[in-house]
Amino acid sequence: MMNFEGLDPGLGEYAPGLHGGLEPGLDSSMDPRLDPSLLQAVELDPDSLAVPVSESMHIVEGMYSELHSVAAEVGIPVTATHFDLQEELLWMGNHRGHASSFFGPTMGRYSSFQVHMTDDIRHIQSMDTGVLFLTKTNLKCLTRGGLIMFDYPMEEGADMHSLILTDNNTLLMGGLQNYVAELDLTTVQETQKFTVEVPGVAIMRQSNRFFFCGHTSGKVSLRDLRTFKMEHEFDAFSGSLSDFDVHGNLLAACGFSSRGLNGLSCDRFLMVYDLRMMRAITPLQVHVDPLFLRFIPTYTSRLAIISQTGQCQFCEPTGLANLADIFHVNTVGQLLMSFDVSSSKQALSFGDSGGCVHLWSSAPEVSFNSYSRETELALPCLVDSLPQLDWNHELMPLSLLPMPLTSTEPLLSDWPTSLITPSPRRAPLVDPEILRTMKTVGFIGYAPNPRTRPRNQVPYKIKDTELEYDSYNQVPESPIGRDEEPHLYMVPKKYRKVLYFLEPVRCLVQNHLCQKEFCLACELGFLFHMLDLSRGDPCQASNFLRAFRTIPEASALGLILADSDEQTGKARLGHLIQSWNRFILAQLHQETLEQEGPQAYRGASSSTLGSSGESVIGRLFGCEVENSSLCRCGKETVRSSLTLLFTMHYPEQRSLDKMIEEYDFAEILKKSICLEQSTQAWCDNCEKYQPTLQTRNIRCLPDVLVINCEVNSAKEAEFWKAQTEYAYNKALKKEASEPPKPKEPLPTEWCLEEELCSVEGLTFDTQAEDMRHVWIPLSLKMCISKTQGLEVSSLSEGEELTESEEAEGASVYDLVVTVSHIQHARTGGNLVAHIKVGETYHQRKEGVTHQQWYLFNDFLIEPIDKAESAHFDVNWKVPAVLYYVKRNYHAKYDLRIKNPIDASVLLTEASLARKQRKSHATFIPLMVSEMPQASDLVGLDAEFVTLNQEEAELRSDGTKSTIKPSQMSVARITCVRGQGPNEGVPFIDDYISTQEQVVDYLTQYSGIKPGDLDAKISSKHLTTLKSTYLKLRFLIDTGVRFVGHGLQKDFRVINLMVPKEQVFDTVYLFHMPRKRMISLRFLAWYFLDLNIQSETHDSIEDARTALQLYRKYSELSHNGGQEEFRKVLKALYEKGRKQDWKVPDIDSADGQGTAVFPSVMGL
């Protein structure tokens, strides 16, 4: 088992006196000054005879033999050794506070640095990011290279001896004082102290059940992992404890026994305890004087017992010690001061009082850890191995040639001081309005945002000279919010922006209301209504997306993306937006064209579109086309239909033609609208499929011309690129033939107000440069003549129709929308829209008459030049959708919005649940005399369920990273009366039916149980989300004021935009700045003496309580003023801190004794 080479055969026959404990006679010879040259390649036997050590040492597998020894600092005792738990490093610390590390079994020095100037290093512990060093009065963390990460000083009088990591970010430190300190490694602050009895804790170990603390009094205490309270105690030795270790259900300890007047004597009996029965078992007698011991559980639970004189014995804790299992560490007469075992159990390390570290191994190829990460080693010096340089080579950079530095001649890189003096751009002046309204608290100033500049937006400009800075003040707010559902909805988000800025569409969908539960036109109208109300706040579209998911055609067209498709960039966004373009127009046309039946909401005015059988979508986008099929037999078939958009068709290029021919965009557009193509079709005359010439002609011109560009392949992209080059060359020739026009340069935004911008040496783009990568015209002229059919031509800027052209029915179309696909190889890119926002929007929102092109890039909205809207470099920006509108097309449409929601939506309606009639009603609908008026109070509360769980991952440092947030859905909405004789009585208590799968009902917090939302088995008043949404919309439009707790989240999930002046949220009424939010339950207990939410949440109870709290707030703020109310809030927070924000257990009868709403008892 052991290797006995070099061991004295008579060691086992030595007299017992040789193994005495701490004999005073040995002290005089323990600190010799060794010659460092003797410690390089020799070992010393017990008789101090020098014996050379062969370079190739034979190590027997399973037996521990000395592998290497190294002198760290000669004559300085090694007080701590530690095997690194992450890398192949062995650490040591000495009596003078110096630390060194050695790499691998060869013990090559890796790093060496000073940890403390005077104190000795008592404990070393490695972590993932660094190494901890504990001294008497200090804990220091350094990187493995020696850089300080933190330095934590102890309290005065501390005498630290040991530490133990309890988790990745927390450790305990103990020593010869009456406490154990807990330290948070993240904040490097002491979190708490645990009191222990004197003389303190010198050794600490840990298992999955207890903390084990060894005391110098000879006792070992077992303490709780969470509270550190003592659970059990073993009185191991009468004198003192030197070491102990724990493995499995066994605890083994070694120490000193008291011998009366003779002082302490090393006890050769090891105390062994069974942790299952908490009692001692038979002591283990050993043949060495034990100072250190460790369990080395390889094949069995072996114990390694180490004496101070260098003897080591292996034995089983429940067996008998054998003299044959002893080996000796050659310490050259020095005492062993430290000992450690590697995590792989293959290596042992010993540190002696002479400054040497000894490495012993049980395997020829020793590894300190089972899985060690790679250690970063210093790169070797490459000065002597420079490559040969051929300085005659033309491409050889002269900077590679070495050049001697001279002190007399200046170098080319020595720039004069005048050229290298930093001159940073001065910050712009603070807005005077901010300085005027600023309030200072301490050294921080607070002021409302005057909104004179866009917030957190970077200017996006291609031509600085084409844009004036004033246009940046006319940026519309982002119409779509950031907190959308986490996947697949990039395409609808971009397109909803396009439809919102088409005024007839915006007015049409807001006037539309039908009885379908899932109607995109209705949901789009609700969304546009929120956008009209918003003052720059983001608006969510969760209800619109919910309706979108229920339409089978959307899934069939591939418009609903999987998470993986969007994350990996597999989605073809250019093709997807064009499919969405076709789908949404057809869907809106169908939904607004359908004849409406009996209204689901009494009094809701029927859409004029449905009653007349005509769709405004058809009038706006529709174009009546005549499709003709001519068979080669001579039979012609003509059919008429309505199309809402046109797709671009590009000419086929012959393979022999290397050059792509030049085409005008108007020519390609005409051929795409009046399409001619040959295809196989069924002929009734021939009674079989025949080659057929199909021709399409239009009978009228649409008001809005929608074009899908269909640039979906490299072939089409090459065609588009070639046409842009032709257009650019034509513009260059035209500009060269005309006399140059002087252009007054405009100062750029980087110039300061006090400085004049120098334009010397700068060149500005010419007019022809604006035409680079531009093929589509900003305006088109279209006309249908009786002789030539459709005529399409480009219209230059400023050109108008003649009287004869107007008489012939010609129309001018202006470009108002371009949607582009910004390509990216890894992510798939994203979609951006260029929209020309018209005068009606600016007049409605800002009160100015203005037209401006804007770039909509997700949440970034920037004004751009009109040329940028038609700029398409297909290498990275591919056109997808174009919108042209007739000039002045608004005149023929009624742009007034008539709210189709009236008071009848609040009247009684039938429940979807079949069993609802069998249960008692939980609400009383409003009577006609109780209809709410402006400024009336309404208590509101909502409960939610989870449709998709949150997806998150834990990082290596223990923090959580959210990959995909949870998706919530409203399950119950309750509104209670806020005034009148029935104050507190609910008039809405709707459970919302859902067709989507619920993964968590959150019953503890919502009160919703499985089955409550199922129409087949529910006993609740079950309705659709749209029905309840209309009730809340009517209350908002009426101007009622909602009172509740946490209404911001409720309205966000319900997908409602409520003006701030109509919301009284008790979360913020009883809140102090920079303090925590207070729960409704605690507020009810503190102010109203009510015990609510004891078992589960109930929305009726919560809404009533919020109303009472608002009444209490009004009373406190009215009677005492703001100063008195601030004192009440301070007392509230002080009480909360004392109670730990927990409501004490109160008898429910006492808590609900006050009848606040007597009329409620009738329910």
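Each value, and the rule that gives it
- Residues numbered from 1 in each chain as written.
- Predicted model: local features only at pLDDT ≥ 70, side-chain atom pairs only at ≥ 80, totals over all residues.
- Heavy atoms only, no water.
- Pairing = 2+ DSSP bridges.
- Helix = DSSP H or I, 4+ residues; strand = E, 2+ residues; numbered from the N terminus.
- Axes fitted to C-alpha atoms, helices over the stretch in contact; angles between N-to-C directions.
- Patch = residues over 30% accessible without salt bridge, like charges linked within 9 Å, V, L, I, M, F, W, Y side chains within 5 Å.
- Areas by Shrake-Rupley, 256 points an atom, 1.4 Å probe, with all protein chains shown as cover.
- Salt bridge = Lys/Arg side-chain N within 4 Å of Asp/Glu carboxyl O.
- Buried < 20%, exposed > 50% of the residue type's maximum accessible area, 1.4 Å probe, protein only.
- Polar contact = N/O pair within 3.5 Å; in protein donor to acceptor, adjacent residues only side chain to side chain.
- Contact = heavy atoms within 4.5 Å.
- Phe/Tyr/Trp six-rings, centres within 6.5 Å; stacked < 30°, edge-to-face > 60°.

**Q** For the sheet that holds strand β27 (residues 301-307), give the residues involved together with the corresponding values.
**A** Across the sheet, 4 strands lie side by side as β26-β27-β28-β29; this open sheet has antiparallel pairing. Each edge of the open sheet is held by one strand with a lone partner, namely β26 (290-297) and β29 (326-328). This sheet shows a mean twist of 20° between the axes of neighbouring strands, independent of strand direction. Sheet topology note: the β27/strand β28 (residues 311-315) ladder contains 4 bridges and is antiparallel. For leucine 303, the partnering residue across the bridge sits in β28 and is cysteine 315.

**Q** How would you explain a nonpolar patch on the surface if you had to name every residue and give the values?
**A** Together, Val441, Phe443, Ile444 and Tyr446 make up an exposed nonpolar region whose accessible area comes to about 460 Å². Residue placement: tyrosine 446 occurs in strand β34 (residues 444-446).

**Q** Describe in detail the side chain of threonine 994, supporting the description with residues and values.
**A** Within the element layout of this structure, threonine 994 appears in the loop between β52 (986-992) and α17 (1003-1006). Judged by relative accessible area, which is 16%, threonine 994 ranks as buried. Of note is the side chain of threonine 994, whose polar atom sits 3.2 Å from the backbone nitrogen of glutamate 996. When residues no more than four places from it in sequence are discounted, the contact partners of threonine 994 are Arg546 and Leu1013.

**Q** Please set out the pairing of strand β12 (residues 160-167) residue by residue, giving values where relevant.
**A** Relative to strand β13 (residues 170-175), β12 runs antiparallel, the two being bridged by 6 bridges. Looking at the pairing, aspartate 167 lines up with threonine 170 of β13. The hairpin turn running from β12 into β13, its antiparallel successor, is 2 residues long.

**Q** Summarise the packing of aromatic side chains; cite the residues concerned and give the values.
**A** Each aromatic ring pair is described using two quantities: the centre-to-centre distance and the angle formed by the ring planes. The final tally for this structure, using the stated rule, is 43 aromatic pairs. Residues phenylalanine 526 and tyrosine 1029 carry aromatic rings whose centres are separated by 4.9 Å and whose planes lie at 35° to one another, so their mutual orientation is tilted. Of this pair, phenylalanine 526 sits in helix α5 (residues 520-533) while tyrosine 1029 sits in helix α18 (residues 1025-1038); the two residues are 503 residues apart in sequence, bridging distant segments of the chain. Accessibility classification places phenylalanine 526 together with tyrosine 1029 in one group, the buried group. Seen in terms of ring centroids, phenylalanine 621 and tyrosine 883 are 6.3 Å apart; in terms of plane orientation they differ by 85°. Their pairing is edge-to-face. In this pair, phenylalanine 621 is assigned in helix α11 (residues 616-621) and tyrosine 883 in strand β47 (residues 877-886), connecting sequence segments 262 residues apart.

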